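# Observations on the three-dimensional arrangement
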Amino acid sequence: MRSAVARRRSAQWMAYAFLLPALAVYLTFVVGPILVSMYYSLFDWSGVSPRATYVGLQNFARLMGDRVFWKAVGNNLELMLLSILTQMPFALALALLITKGLRGMRFFRTAYFVPHMVPTVAIGILWIYIYDPTMGLLNNLLGELGLWRWQRGWLGEEATALYAVVGTMAWQFIPFYMILFQAALVGIPQELYEAASIDGATGTKAFRYITLPLLKGTIRTAVVLSLVGSLKYFDLIYIMTMGGPNHASELMATYMFKTAFNQFRMGYGSAVAVMSFLIAFVVSSTLLYFTQFRRED
Amino acid sequence: MSTRGMATATVQVGPTPRVSRWPIWRQRLSTLMSYVLALVWFVVAFTPIFFMVLTAFKTIREFLISPWALPSQWRLTNFASVWASRFPTYLTNSLIVTGVSVLLIVALSSLAAYAFARMAFPGKRPFFLLILAGMMIPIHITLIPVYILTQWMGVYDSILALIGPYVGFALPISVFILTEFFAQIPKELEDAARIDGCTPFQTFYRITLPLATPALATVAIYNLIGAWNEFIFASVLLQSPDAFTLPLGLRQLFGQYGIDTPAVMAAVTLGSLPTILLFILFQEKVVSGLTAGALRS
């Protein structure tokens, strides 16, 4: 009896021993820092000097009236919407195309994925040159086509900066979602289409009544992935526009980064981080709830 | 497992039926349209890449005369000057950081996953949920505390600083994938090993791990690409160019070469080669690793 208890005890210790290394790293670099961020957000602190002044919720009060921050929140939401609208339809269309069973589509599937394997920083730099106002490939192309009036400084103008980066993001992420959709399409049993075609449902009809309903789950997953990603997005905006010009493409993450590490306002930067975390959490759980709810219809 | 989905994908069973009811000319037209669309997207996906690679072989003069023309001869001068810069240092740093991080991620997450999948201990569920919650955490909220932490630990501005956060943020998804996989492995083999007198660690190391190779590969590839591309932590935690990883290094070279577009393109081309080669060599594994990782979150 006693030895059984002792054995279970030692098995439990063994389990903790298996868990401990992962838990230690996780607590040190993920959980701990989140709590510390919340604590820092109550201070006015440069991060460099040891002097930090406790200011209570003042940072948050100031944040409420911070135009740049709210501009960034708006941009994040716009980015979220535009990403879904630009990426999902093309990704789905390409997935349908490469699963058509035509010869040579295997080549296209591989080729289409290559842009997604270019490192993000390389993509950002490459597209800076594509969008360049004087020597850029895009303006050059427009010139060749006689569309001089469309030429502009894509990344340097407030009106187009955010959209230009959205275009680059589409180029990077369409292949990824294409593969997600393709995996789901391949999983649809062929018999369904055969049965449908006997009943006279082919082409668009088959797509409307078989493919789309069966793809719903995957589309939902893709949309959720895309929107969660958009709410915390940073990389290409930071590389290509730095949030500029004049905050036209500022995101919550780039604003936080600049506040903390360029202006060394660590306290305020922490408040920005905590606030964007809350906003992202609220927006994504609302949307998740909404899509979950609709799925039950 | 989506690996199975991907395996079927290679067989290319198209979900769209061969529409027997359509007149032959409509089938032909539809096939033709498919190929036209496939080519159009090929052009969209590859124009930037061709631009990047071709420009890398040009002289500045050639580039200024026409960004579209082929280089008059295939010069390697630009690549040579990139290689003579700090590029090899950046590459080495990235290899070390990525290698060490991935090893630690696989080791720590498989240990923890084994505890979650196979052992009984108090607090199992709360611990599991705590780790899973990490999948929703945006990196930004931890940036400032991690920055301060690395300074305390004395690793700031060295590649060692990156390993902790890379491992910490990779754990949730990795533990999740592996726990799921371990739970599917039949228990009998492990029971037999235990009866033969294996300690829990021996059972885990000799029996379970070898059986989990596909899941370990998924975890390794997903995190390998993540760590290789990582940009935010690297830009916060590294300051001197000798410590830069490839993403930061490419940005540095971009700043250095500036209007020498061909040199920048040579840097970006060289910087993109490792991941593209990885993709070409292990296509299915890379694709399923990326999508499996994403689908779990």
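Residues numbered from 1 in each chain as written. Chains lettered and ligands numbered in written order. Predicted model: local features only at pLDDT ≥ 70, side-chain atom pairs only at ≥ 80, totals over all residues. Heavy atoms only, no water.

With that settled, consider the side chain of Thr218 of chain B. On the secondary structure map, Thr218 of chain B appears in helix H11 (residues 213–229). Taking the relative accessible area as the measure of exposure, Thr218 of chain B reaches 3% and is therefore buried. (Helix = DSSP H or I, 4+ residues; strand = E, 2+ residues; numbered from the N terminus. Buried < 20%, exposed > 50% of the residue type's maximum accessible area, 1.4 Å probe, protein only.)

All names here are of chain B. Structurally, chain B comprises domain 1 (16–80) and domain 2 (84–296). Taking the mean C-alpha position of each, domain 1 and domain 2 sit 34 Å from one another. Counting residues at the interface gives twelve residues for domain 1 and eleven residues for domain 2. Considering only the surface of domain 1 that becomes buried against domain 2, Met52, Ile60 and Phe79 emerge as the three largest contributors, covering 48% of it. (Domains from an automatic or database assignment. Contact = heavy atoms within 4.5 Å. Buried area = accessible area lost by both parts, 1.4 Å probe.)

Our focus in this paragraph is empty space enclosed by the protein. If a probe the size of a water molecule is rolled over the atoms, the empty space left behind becomes visible. Summed over the entire model, instances satisfying the criterion amount to one cavity of 30 Å³ or more. Quantified by volume, the largest cavity comes out at close to 100 Å³. Surrounding the largest cavity, Leu231, Lys232, Met252, Ala253, Met256, Ala273, Ser276, Phe277 and Ala280 of chain A together with Pro138, His140 and Ile141 of chain B form its lining. Taken together, the elements giving at least two residues each to the lining of the largest cavity come down to helix H11 (252–261) and helix H12 (266–295) of chain A together with helix H7 (140–153) of chain B. Among the elements that make up the lining of the largest cavity, the one with the highest residue count is H12 of chain A (four residues). Class assignment of the residues belonging to the lining of the largest cavity gives a composition of nine nonpolar, two polar and one charged. (1 Å grid on protein atoms, 1.4 Å probe; cavity = no way out; pocket = protein on both sides within 12 Å on 5 of 7 lines; lining within 4 Å. Points joined across faces, edges and corners; volume = space filled by probe spheres on them. Nonpolar A, V, L, I, M, F, W, Y, C, P; charged D, E, K, R; others polar.)

This part covers the confidence of the model for chain B. When pLDDT is averaged along chain B, the result is 87; 91% of the residues meet or exceed 70. At the low end of the mean pLDDT range in chain B sits helix H1 (residues 2–11) of chain B, at 40; at the high end sits helix H5 (residues 87–118) of chain B, at 95. (pLDDT = per-residue confidence, 0-100.)

The nonpolar side chains of a soluble globular protein tend to be buried with one another. Counting residues in hydrophobic clusters, the biggest one holds 202 residues, and the most contacted among them are Phe69, Tyr112 and Phe261 of chain A together with Phe182 of chain B. The leading source of residues in this core is helix H7 (residues 161–186) of chain A, at 16 residues. If we skip the residues at most four places from it in the chain, Phe69 of chain A touches Leu63, Met252, Tyr255, Val272, Met275, Ser276 and Ile279 of chain A. (Core = buried A, V, L, I, M, F, W, Y, C linked by side-chain atoms within 4.5 Å.)

Moving on: the interface of chain B and chain A. On the side of chain A, 97 residues touch chain B, which itself brings 105 residues to the contact. Inspection of the chain B/chain A interface yields 15 residue pairs in polar contact (both at pLDDT 80 or more). In terms of residue count, the dominant contributor to the side of chain B that touches chain A is helix H2 (residues 24–56) of chain B (17 residues). The residue makeup of the side of chain B that touches chain A, split by class, is 76 nonpolar, 25 polar and four charged. (Polar contact = N/O pair within 3.5 Å; in protein donor to acceptor, adjacent residues only side chain to side chain.)

Let's shift gears to the packing of H5 of chain B against helix H13 (residues 246–257) of chain B. Residue and element names in this part refer to chain B. For the pair H5 and H13, the least separation of the axes is 8 Å and the interaxial angle reads 160°. Here H5 is positioned roughly antiparallel relative to H13, judged by the angle of their axes. For the pair H5 and H13, the crossing hand works out as right-handed. Packed against H5, whose contacting residues are Phe87, Tyr90, Leu91 and Ser94, the element H13 presents Leu246, Pro247, Gly249, Leu250, Gln252 and Leu253 at the interface. (Axes fitted to C-alpha atoms, helices over the stretch in contact; angles between N-to-C directions. Parallel < 35°, antiparallel > 145°, perpendicular 65-115°, else oblique. Left-handed = near helix turned anticlockwise from the far one by under 90°.)

As a further point, take the packing of helix H5 (residues 120–130) of chain A against H7 of chain A. Residue and element names in this part refer to chain A. Contact geometry of H5 with H7 gives a least axis separation of 11 Å together with a crossing angle of 140°. The orientation of H5 with respect to H7, classified from their angle, is oblique. Considering only the axes of H5 and H7, their crossing is right-handed. Along its contact with H5, which presents Thr120, Ile123 and Trp127, the element H7 presents Thr168, Trp171 and Gln172.

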